[in-house]
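Structural overview for review
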Amino acid sequence: MKKPSPIVEAIGLRKVFRDFWGREKAIAVDGIDLSIGTGEIFGLLGPNGSGKSTTVKMAVGLLRADAGTIRVFGVPPDNVPIKHRIGYLPEETCFYDYVTAFETLDYLGALFELSSRERRRRASELLELVGLGHAGNRRIGEFSKGMRRRVGLAQALINDPDLVILDEPTADLDPVGCGEIKTLIKLLADRGKTVVICSHLLAD
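Now for a description of the structure that goes with this document. In this numbering scheme, every chain counts its residues from 1 along its sequence in written order. This being a predicted model, a pLDDT of at least 70 is required before a residue's local features are given, and a value of 80 or more before pairs of side-chain atoms are given or counted; all residues contribute to the totals for chains, interfaces and linings. Neither water nor hydrogens contribute to the side-chain values; these are computed over all heavy atoms in the structure.

**Some details on the overall build of the protein**
Helix numbers and strand numbers start at the N terminus; a helix is a DSSP run of H or I with at least 4 residues, a strand a run of E with at least 2. Within the protein, the secondary structure is distributed over five helices and seven strands. N-terminal to C-terminal, the α/β element order of the protein is β-β-β-α-β-β-α-α-α-β-α-β. Throughout, radius of gyration means the C-alpha value; the globule benchmark is 2.2 Å times the number of residues raised to the power 0.38. In terms of overall dimensions, the protein is globule-like: its C-alpha atoms have a radius of gyration of 17 Å, near the 17 Å expected for 204 residues. Accessible area is worked out with a 1.4 Å probe on protein chains only. A residue is then buried under 20% of its type maximum, exposed over 50%, and partly exposed in between. The burial tally for the protein puts 43% of its 204 residues in the buried class. Note on areas: Shrake-Rupley, 1.4 Å probe, and residue coverage restricted to the protein chains presented here. For the protein, the exposed area adds up to about 11,400 Å²; of that, 53% sits on carbon and sulfur atoms. The sign given to each residue is positive for Lys and Arg and negative for Asp and Glu; His and the chain ends receive no count. Lys charges are placed at NZ, Arg charges at CZ, Asp charges at CG and Glu charges at CD. Treating the 28 positive side-chain charges of the protein as one cloud and the 27 negative ones as another, the clouds have centres 2 Å apart.

**What about the layout of surface pockets?**
Using a grid of 1 Å spacing that covers the protein atoms alone, one calls a set of points a cavity when a 1.4 Å probe fits there but cannot get out, and a pocket when the set is open and has protein on both sides within 12 Å along at least five of seven lines; lining residues are those with an atom within 4 Å of a point. Grid points are joined across faces, edges and corners, and a volume is the space filled by probe spheres set on the points. Of the voids in this model, the largest pocket is the one considered here, and its volume is about 430 Å³. The wall of the largest pocket is formed by 18 residues, among which Tyr88, Pro90, Leu108, Phe112 and Gln155 lie closest to the centre. Elements with a contribution of two residues or more to the lining of the largest pocket: strand E5 (86-89), helix H2 (101-111) and helix H4 (145-156). Ranked by residues supplied to the lining of the largest pocket, first place goes to E5 with three residues.

**Considering the sheet that holds strand E4 (residues 67-72)**
Here, a strand pair is defined by DSSP locating no fewer than two bridges between the strands. If you trace the three strands from one edge of the open sheet to the other, you get E2-E1-E4, paired in antiparallel fashion. Looking along the sheet, the strands with just one partner apiece sit at the ends: strand E2 (24-36) and E4. If you compare each strand with its neighbour and ignore which way they point, the axes differ by 25 degrees on average. Strand direction decides the pairing type here: strand E1 (residues 8-18) and E2, joined by nine bridges, are antiparallel. The residue of E2 that forms the bridge with Phe17 is Ala26. Working rule for contacts: check all heavy atoms of both residues, and any pair within 4.5 Å makes them a contact. As a rule, the C-alpha atoms of each element are fitted with a line to give its axis, helices using only the stretch in contact, and angles between N-to-C directions run from 0 to 180 degrees. On the sheet, helix H1 (residues 52-59) packs against E1, E2 and E4 and is oriented at approximately 115 degrees with respect to E1.

**Observations regarding the nonpolar core**
Ranked by internal contacts, the top residues of the largest apolar core, which has 30 residues, are Leu132, Phe143, Val151 and Leu166. Residue assignment for this core shows that the elements contributing at least two residues are H2, helix H3 (116-129), H4, strand E6 (163-167), helix H5 (175-190) and strand E7 (194-199). Judged by nonpolar contacts, the second largest core, of 24 residues, contains Ile7, Val8, Val60 and Val72. Each nonpolar core is a collection of buried residues, namely Ala, Val, Leu, Ile, Met, Phe, Trp, Tyr and Cys, held together in the definition by side-chain atoms within 4.5 Å.

**Thoughts on H4**
Expected span of a helix, by definition, is 1.5 Å for each gap between consecutive residues, and there is one gap fewer than residues. Between the first and last C-alpha of H4 there are 17 Å, a value that for 12 residues agrees with the 16 Å anticipated at 1.5 Å per step. Taken across its 12 residues, H4 has 10 buried, putting it largely inside the fold. Every buried residue of H4 is accounted for by Gly146, Met147, Arg149, Arg150, Val151, Gly152, Leu153, Ala154, Gln155 and Ala156. Contact partners of the buried residues in H4: E5, H2, H3, E6 and H5.

As C-alpha cells, this is what we get:
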C-alpha cells in the first residue's frame, strides 16, 4: 500500500536575512528537514528568534527559501489555489478596530468566495467555538488582547482549511483560555485537520 504524501514537506530548508548591501545579517533557518502527515499535530518548539515563524512563513508563501525545498499539498507554497486549503494565525494579528468580530469574519469569508449564507453560518459557529459568541457584535477595538487572539484563531478557520498553522496560539490568553485553545486544537485533529503549532512554551 502506497504511503500517503505528506501535507507539508521540507528538505534542507534555509533562510538568510541580509542587510541593505546584501551581506548576511542572520541565518534564521539552517537546513531544516520535516514531514507532516494528515491529521497530525506538529509542534515547532524553540526560543524567540529560533526561526519558527520564518519557517511557517515560508510554508504559507510569505517568504521565499534561499536554499532547499518546501512543498505544501505536494506543490510549492506560491501555488495560489492551495491557499484555500490553508488557515494561518500569524504571531501578531491586526484588525480594524471599528469593525465587529462578526463583520471581520464575514469579510474574510468573502475573500475566500464563500456565499453570504455560508459566511454568516461559519462566522456564528466559529465565534461560539472560540468563546466569543457573546461578543460577536462588539467592535474589535473594545476587545482585550486575549479576545483579539480568539478572533485571530476564528479567522484562521473561516475557510474550513485542511492545514491549520498557528503561530503562538496561546499568546495573551489566561490559563482557562489556553486550555480551551488546546482542546480546540485536538478537536481539529480529530476532524482530520493537520495542525502546525509554533511556540516558545514547553507546556504547549
